[in-house]
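# Working through the structure, step by step
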Amino acid sequence: MWDLASGKLLRSITDAHPPGTAILHIKFTDDPTLAICNDSGGSVFELSFKRVMGVRTCESRCLFSGSKGEVCCIEPLHAKADLRDHPITQYSLLAMASLTKILVIGLKPSLKVWMTFPYGRMDPSSVPLLAWHFVAVQNSVNPMLAFCRGDVVYFLLVKRDDSGAIHVTKQRQLHLHYDLINFTWINSRTAVLLDSVEKLHVIDRQTQEELETIEISEVQLVYNSSHFKSLATGGNVSEALALVGEKACYQSISSCGGQVFYLGTKSVHVMTLRSWRERVDHLLKQERLTDALALAWSFYEGKAKAVVGLTGDTSKRKAVIADRMVEILLHYTDRTLKKCPDQGKIQIMEQHFQDVVPVIVDYCLLLQRMDLLFNQIYDKMSENSVAKGIFLECLEPYILSDKLMGITAQVMKDLLLHFQDKNRLENLEACIVHMDITSLDIQQVVLLCWENRLYDAMIYVYNSGMNDFISPMEKLFKVIAPPLNAGKSLTDEQVVMGNKLLVYISCCLAGRAYPLGDIPEDLVPLVKNQVFEFLIRLHSAEGSVDEEVYPYVRTLLHFDTREFLNVLALTFEDFKNDKQAVEYQQRIVDILLKVMVENSDFTPSQVGCLFTFLARQLAKPNNTLFVNRTLFDQVLEFLCSPDDDSRHSERQQVLLELLQAGGIVQFEESRLIQMAEKAEFYQICEFMYERQLRYDKIIGCYLRDPLRKEEVFNYIHNILSMPGYSAEEKQLVWQKALDHIEELLVLSPGKAAELAAIHFSEQLESIISNLQDQFLLFQFLRSLLDPREGINQDLLHLPPCITEQFIELLCQYSPDQVLETLKVLEYCRLEETIQITQKHQLHEASSYLLEKKGDIHGAFLVMLERLQSKLLVLTQDDESSAEPSLLENIEDTLMKTIALCQRNSHSLDQQQREALWFPLLEAMMSPQKSSGSSLCPHSESLKSLTMQVLNNMAAFIALPSILQRILQDPVYGKGKLGEIQGLVLGMLDTFNYEQTLLETTTSLLNHDLHWSLCNLRASVTRGLTPKQDYCCICLQQYKRRQETAGEIIVFSCGHLYHSLCLLSKECGVVTKGLMRWMCYKCNSSNKGGKLSENFSELKKGTAASLAQMSSESVLDPQQIQAFDQLCRLNRGTSRLALLTELARGDKHGLLSVSHGDPTTSSVFQNENFQLHLTPPPLAEE
């Protein structure tokens, strides 16, 4: 023990620890008479220093014995001078880390263990680390212990409660992607970590963010391996401690006063955090000015990490940082101007300044240094015209977002000129309305705005700069009034001005500033009065002698009557308890009436808008307006004048809006209905009848209104089916609809039929009997009875005679649709219907009905007769008169006849089939018997059709019978067989095709079977490779189990077992003298209960879904498993499934068909598979 001040040796301690062990750590506590040491045996000793009668002594006490676990790291809690009075220092806490756990003990007033924390499973070579530091948590300062072993750092907060007990609570863990060998606190928020590859990591504790990483391999750090291995004392240490010592560097790293010292083999290195100013300067040296400003601003906001060197309260710190940022901004400005490219395109210079100037403006505004921005920086930027322009353009977004209100007069002037030069007038206008008007030259701006049509800006300058709300209106009226008074149409520019004028008036009367914001509260009443007084002036200031009265109101009404009245309506909403406002309200209404009613130059729509507006105002409960009722009568006369047909729908719509707005109270209802009917205003009539609940009358309104006739059906349906109407009202509507049913049918037979089916189902017969117009009746019945029309047939209960009446009419008016209609008709009597179709000679329909009746032969004879008659026409016509359409007609009839024969041949015996097919063949061959020039053009076509008959009948009639019939024919029976050569060769071609198809199919089946058997043989005979060298049940290596000579069983899945282990899990069963095995892991864990089911089946002697090569052999479980795995590997094809099914076959059969797996697609496994061809049947003997 040395006195460092004098360099004297104070004492030598020989019995502090057991001999033969090396000292790993020795550390003083805050008490200078108490030290702790830790030796290579893993024990911890307390050294107590005393001086009695001038003699220095030392007493050693064992705190922890290495026999209970080797401690390799100790860390006493040290408190700085300002924390020496902290209540927890009196306990003299000591943290110890063994190879398995952490302990926190108190040395004073008596020895006590306060916490034990086991590690869990760790890498045995990782180094235990401990580090104390006082931190502020929840407004109190307490010690925090960081400990780590491996890649996870744990933080423990240590507190003392009122009773004197110590409590340790876990905080957030820090998970890393590297192993640590040192942990050092620099301050309460920042720690420096050293990983196993000698990289330093600076970490912020609260956010766990990694701030910087440094490689320090050049330090050549000294490791304490020799001490941990106790080489000086013979190396008598445990393997575990020696393994930890490989990376131990406890004594080579020390921290003090925010500095960390690293001991290298040749030098000592000191690491420290840069101060905030040094960090900023470091970025400036690298010319990273934007990053330097961003870092300084993070210091200003208090968001930066690992901050060193900032002291004092918040305002003082901010002032220091702001001064530094101002220096950087000025330097940034100078550098930007110097670095500007002197040559090249103007776009390059603009891009250079666009990258820099917004950054400078941003930070000046963030620091609220407008003086810096508009004086020093702007003066510097003004030296370069491009920089000046970019600077001014950068101000726009800040002005528009109201972040920049006050701008110096010079900058404002330059801004206006710049935008004007660039012709960016819309941007200029948007900026002006956001600016403080005191910085503008008002005269210059007003002139600029008017010349460039910036009306919003002009209004804003007048309002805000001079509190003048009337002059802008006068200027705008002067532009739009002359063309409106002259009856001319306005230009787009004038329309824009008129709309702005309306919005401006609306804003003024509502107390809002134009185009944004609000008028000061003290000016709101004054502005409203001024605007009203202006609008109701009798004459304009500079009006001519012949000017009409109230020019401003007249102009606005001509410009947009509806919108102007909407503005007034919104204004009247605000005038509720203001006496003067009520007077203005009555006065402006009187003016509106005088201007519009006494002049004929307003359209009905405009007049209607006025009276709709008045009706709405009069209908309000607190109405104070007075309007002469005779005016409403005049308007009614004006809108309903029968001598004027112009704008009929417009007049009706205007009157309807007037009534709906509450104007109904101004009229006598009976007179109103009378005038509306006279004027054919049926919507008005409907409105009035609905008020009177006379819904039946409304049907007549719909029927007479040409524009809304179709809507009558929905109206009737809604009245009759919806709730809310009385039974009497519904009955009247029902009767009215029934009275007008014929009129409804003429309007839309389909909709009328649907309505009748739902609401008049019991009256249908009388409706049908009363209809005199036969075509109308046909349309009605078709809509009613044809299911394709969409009417639910279950609603109808009509006698069959009605259906037959419909078919009769259908045969008359639409014979082409009879067959298709008969196919969908649900209720019809066959006998009567057949008579109707035969009466109208509709052969196809008759044939269909006969077939439906079951008279196949009768149906066939009808079609045959039809075919023969057409063939007769063909043979009798000479060459000039024969038409191609006749041949097409014959072919169509033949195809339908063949289809009839094919549909029914399956259910007939051989004799009945011949009775169908041979007459058809005879009919086609008979025209060819006659020889003559007339047949020449069609002979080839008829032969082709005859061949089609032969090809189709070959599926149902034996070939010998067909050939015999052909050869017996008088035409073909005489002379040479050249005539029938084509027919015979055609049948032979069919035979050859089908024979080739059959041979090819058989070859494919044989190849498929051979391929599958080869694959199964290869998989069964292949050697097995186990996935691991231990049994999957007992987990012992199969080589090491020597006590028994049991078999080793390997499955195709790769799992390996001892046979005894499988037997213990009941995975082996003796069947027919052979042991059957199944993989325990695959069948128990993956397939749940299937293992027991499979074994129950094995015990019963069955082998469901196992492959069997004969009735004697059964696949054992491991073969089944191999087969399943092979199936999974070859899941893309279904051939393997065939082999499974082979096992089910008996010894007499070659193949058995699987019924188990619906997902397979092989032809062998689908019992319903059929080739899409029909070979000729064998001849019956």
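Here the structure is a predicted model, which means the values were calculated and not measured.

Okay, helix H23 (residues 695–704) next. Counting buried residues in H23 gives 8 out of 10 residues, a clear majority hidden from the surface. The complete set of buried residues in H23 reads Tyr 695, Asp 696, Ile 698, Ile 699, Gly 700, Cys 701, Tyr 702 and Leu 703. On its buried face, H23 sits against helix H22 (682–691), helix H24 (712–721), helix H25 (727–739) and helix H26 (741–747).

So, on to the side chain of Ser 252. Mapped onto the elements, Ser 252 comes out in the loop between helix H2 (239–245) and strand S20 (253–256). Not counting the four nearest positions on each side in its chain, Ser 252 is found in contact with Leu 221, Val 222, Tyr 223, Asn 224, Phe 261, Tyr 262 and Leu 263.

Further remarks concern the environment of Cys 640. As for its position among the elements, Cys 640 is in the loop between helix H19 (629–639) and helix H20 (648–660). On the basis of relative accessible area, Cys 640 is assigned to the buried category, the value being 3%. A C-alpha to C-alpha distance of 9.4 Å links Cys 640 and Glu 677, two positions 37 residues apart in sequence. The residues touching Cys 640, leaving out its near neighbours within four places in the chain, are Leu 655, Met 675, Ala 679 and Phe 681.

With that settled, consider the pairing of strand S6 (residues 55–64). Where strand S5 (residues 44–52) meets S6, 9 bridges bridge the pair, whose relative direction is antiparallel. The residue bridging Lys 50 from the neighbouring strand is Thr 57, located in S6.

Below, the discussion takes up the environment of Glu 832. Relative to the elements of secondary structure, Glu 832 occurs in helix H32 (residues 830–839). For the pair Glu 832 and Pro 800, spaced 32 residues apart in sequence, the C-alpha to C-alpha distance is 9.7 Å.

Here we come to the nonpolar core. Generally speaking, soluble globular proteins have nonpolar side chains that are buried together. The biggest cluster of nonpolar side chains holds 244 residues, and the ones touching the most others in it are Phe 391, Ile 432, Phe 611, Phe 780 and Leu 920. Sequence-distant contacts of Phe 611, defined by excluding residues within four places in its chain, comprise Leu 593, Val 597, Leu 631, Phe 632, Val 635 and Leu 658. In this structure, Val 153, Leu 157, Ile 181 and Ala 191 belong to the second largest nonpolar core, which totals 67 residues.

The contact between H23 and H24 brings their axes to 10 Å, and the two run at 165°. One element, H23, and the other, H24, form an angle in the roughly antiparallel class. The interaxial crossing formed by H23 with H24 has left-handed handedness. Residues Tyr 695, Ile 698, Ile 699, Tyr 702 and Leu 703 of H23 pack against Val 712, Tyr 715, Ile 716 and Ile 719 of H24. When its residues are assigned to classes, the contact of H23 with H24 shows 9 nonpolar, no polar and no charged.

With antiparallel pairing, 4 strands are arranged side by side in an open sheet as S3-S4-S5-S6. Only two strands of the sheet have a single neighbouring strand rather than two, namely strand S3 (23–28) and S6. In this sheet, adjacent strand axes meet at a mean angle of 25° when their direction is disregarded. Of the strand pairs in this sheet, S3 and strand S4 (residues 34–39) are connected by 5 bridges, and their pairing is antiparallel. Counted as the bridge partner of Lys 27 is Ile 36 from S4.

As enumerated under the stated definition, the model contains 31 salt bridges in all. The residue Glu 59 makes a salt bridge to Lys 50 at a minimum N-O spacing of 3.7 Å. Using a relative accessible area of 45% as the deciding quantity, one classes Glu 59 as partly exposed. The network of salt bridges with shared partners includes Asp 281, Arg 324 and Glu 327.

Following the criterion strictly, the structure yields 26 aromatic pairs and no others. An angle of 75° between the planes, with centres 5.9 Å apart, marks the rings of Tyr 504 and Tyr 514 as edge-to-face. Linking Tyr 504 in helix H14 (residues 492–510) with Tyr 514 in the loop between H14 and helix H15 (524–535), this pair joins segments that are 10 residues apart in sequence. Both residues of the pair, Tyr 504 and Tyr 514, count as buried. Cluster of aromatic residues (ring-pair linked, three or more members): Phe 775, Phe 778, Phe 806 and Tyr 813. One residue, Lys 475, lies across the ring of Trp 450, its end atom 4.9 Å from the ring centre.

Attention shifts here to the packing of helix H29 (residues 774–785) against helix H30 (residues 800–813). Close contact between H29 and H30 brings their axes to 9 Å; oriented N to C, the two are set at 120°. Classified by the interaxial angle, the pair formed by H29 and H30 is oblique. As H29 packs across H30, the resulting crossing turns out to be left-handed. From H29, Gln 774, Phe 775, Leu 777, Phe 778, Leu 781, Arg 782 and Leu 785 reach across to H30, where they touch Ile 802, Thr 803, Gln 805, Phe 806, Leu 809, Leu 810 and Tyr 813. The class makeup of the residues in the contact of H29 with H30 is 10 nonpolar, 3 polar and 1 charged.

Okay, a nonpolar patch on the surface next. Taken together, the side chains of Leu 1060, Leu 1063, Val 1070 and Met 1075 make up a nonpolar region of the molecular surface, amounting to roughly 330 Å² of accessible area. In this structure, Leu 1060 sits in helix H41 (residues 1059–1064).

Turning to unusual backbone geometry, a few remarks are in order. Here the amide bond leading from Lys 108 into Pro 109 is cis, since omega sits at -10°, within 30 degrees of zero. Positionally, Pro 109 belongs in the loop between strand S9 (101–106) and strand S10 (112–118). Look at the link from Tyr 514 to Pro 515: it is a cis peptide, with omega at 0°. Although it is not a glycine, Glu 198 sits at a positive phi angle of roughly 60°. Inspection of the secondary structure puts Glu 198 in the loop between strand S17 (190–195) and strand S18 (199–204). For Glu 198, a relative accessible area of 13% puts it in the buried group. At Tyr 550, a residue that is not glycine, the phi angle is positive and equals roughly 50°. Along the polypeptide, Tyr 550 turns up in the loop between H15 and helix H16 (551–574). Its relative accessible area of 15% is what places Tyr 550 among the buried residues.

This brings us to the environment of Ala 513. Tracing the backbone shows Ala 513 in the loop between H14 and H15. For Ala 513 and Val 524, which are 11 residues apart along the polypeptide, the C-alpha to C-alpha distance reads 9.7 Å.

For an α-helix the count is 3.6 residues per turn, leaving residues at separations of three or four pointing the same way. Across its 12 residues, helix H12 (residues 455–466) extends 16 Å between first and last C-alpha, which sits within 8% of the 16 Å expected from 1.5 Å per residue. Taken together, the buried positions of H12 are Tyr 455, Asp 456, Ala 457, Met 458, Ile 459, Tyr 460, Val 461, Tyr 462 and Asn 463. Considering only its buried residues, H12 is in contact with helix H10 (425–432), helix H11 (442–451), helix H13 (471–485) and H14. Note on H12: the residue one or two positions beyond its end, Asn 467, has a positive phi of about 55°.

As defined by bridge partners, strand S25 (residues 1068–1071) adjoins strand S26 (residues 1074–1077) across 4 bridges and the pair is classed as antiparallel. Looking across to S26, one finds that Val 1070 is bridged to Met 1075. Linking S25 back to S26 in an antiparallel pair, the connection comprises 2 residues, with Lys 1072 at a positive phi of about 55°.

What follows deals with the sheet that holds S17. Strands sit in the order S16-S17-S18-S19 across an open sheet of 4 strands; the sheet is antiparallel. Strands at the two margins of the open sheet, each flanked by one partner only, are strand S16 (180–185) and strand S19 (210–215). Across the sheet, the axes of successive neighbouring strands diverge by a mean angle of 20°, strand direction being ignored. Here 5 bridges tie S18 to S19, and the two strands are oriented antiparallel to one another. Residue pairing for S19: Ile 203 is matched across the bridge by Glu 210.

With that settled, the discussion passes to the state of the cysteines. Covalently bonding the sulfur atom of one cysteine to the sulfur atom of another cysteine gives a disulfide. Scanning all chains against the criterion turns up 0 disulfides. With no disulfide partner, Cys 685 has as its closest neighbouring cysteine sulfur the one in Cys 701, 4.8 Å distant. Cys 1082 provides the cysteine sulfur closest to Cys 1079, a residue in no disulfide bond, and the two sulfurs are 3.6 Å apart.

As a further point, take the side chain of Thr 555. Secondary-structure assignment places Thr 555 in helix H16. Reaching out from Thr 555, the side chain makes a polar contact with the backbone oxygen of Pro 551 at a distance of 2.7 Å. In contact with Thr 555, other than residues within four places in its own chain, are Phe 477, Ile 480, Ala 481, Leu 484 and Asn 485.

A few words now on the confidence of the model for the protein chain. Mean pLDDT for the protein chain: 79, with 86% of residues reaching 70 or above. Residue range residues 931–935 is modelled with pLDDT below 50. Its contacts to residues more than four positions away, or to other chains, number 6 contacts. Counting contacts from residues 1087–1113, a segment whose pLDDT is below 50, to residues more than four positions away or on other chains yields 41 contacts.

Conventions used here
By convention here, each chain's residues receive numbers from 1 onward along its written sequence. With the structure being a predicted model, the display of local features is reserved for residues of pLDDT at least 70 and the display and counting of side-chain atom pairs for 80 or more, all residues being used for whole-chain, interface and lining totals. No hydrogens and no water enter the side-chain calculation; it runs on all heavy atoms of the structure. To sort residues, take the accessible area from a 1.4 Å probe on protein chains only and compare it with the maximum for the residue type: under 20% means buried, over 50% means exposed, and anything in between is partly exposed. Where helices and strands are cited, they refer to DSSP runs of H or I of at least four residues and of E of at least two residues respectively, numbered from the N terminus. The contact rule is simple, with two residues in contact once any of their heavy atoms fall within 4.5 Å. Two strands are counted as paired when DSSP detects at least two bridges linking them. In plain words, nonpolar cores are sets of buried Ala, Val, Leu, Ile, Met, Phe, Trp, Tyr and Cys residues tied together by side-chain atoms within 4.5 Å. Angles run from 0 to 180 degrees between N-to-C directions of axes, and those axes are lines fitted to C-alpha atoms, restricted for helices to the stretch in contact. Our angle categories are set so that under 35 degrees counts as roughly parallel, over 145 as roughly antiparallel, 65 to 115 as roughly perpendicular, and the remainder as oblique. When the near helix sits turned anticlockwise from the far one by under a right angle, the crossing is termed left-handed; a clockwise turn instead gives a right-handed crossing. Only Asp, Glu, Lys and Arg are considered charged in this grouping, and only Ala, Val, Leu, Ile, Met, Phe, Trp, Tyr, Cys and Pro are considered nonpolar; every other residue, Gly among them, is considered polar. Salt bridge, as applied in this entry: a Lys or Arg side-chain nitrogen positioned within 4 Å of an Asp or Glu carboxyl oxygen. Any two rings among Phe, Tyr and Trp, with Trp reduced to its six-membered ring, count as a pair given centres within 6.5 Å; such a pair is stacked if its planes are under 30 degrees apart, edge-to-face if over 60, and tilted if neither. Geometrically, a lysine NZ or arginine CZ counts as sitting over a ring once it is within 6 Å of the ring centre and also within 35 degrees of the ring normal. Each patch is assembled from residues with relative accessible area greater than 30% and no salt bridge, linking like charges that lie within 9 Å and nonpolar side chains (Val, Leu, Ile, Met, Phe, Trp, Tyr) that lie within 5 Å. Each accessible area is a Shrake-Rupley result for a 1.4 Å probe, and residues are judged covered by the shown protein chains and nothing else. For a helix, the expected span equals 1.5 Å multiplied by the number of residues minus one. Pairs of cysteine sulfur atoms within 2.5 Å are what we label disulfides. We define a polar contact as two N or O atoms separated by no more than 3.5 Å, with the added condition that, inside protein, one atom must be a possible hydrogen donor and the other a possible acceptor, whereas residues neighbouring each other in sequence contribute only through side-chain atom pairs. Confidence scores per residue from the predictor, reported as pLDDT, run from 0 to 100.

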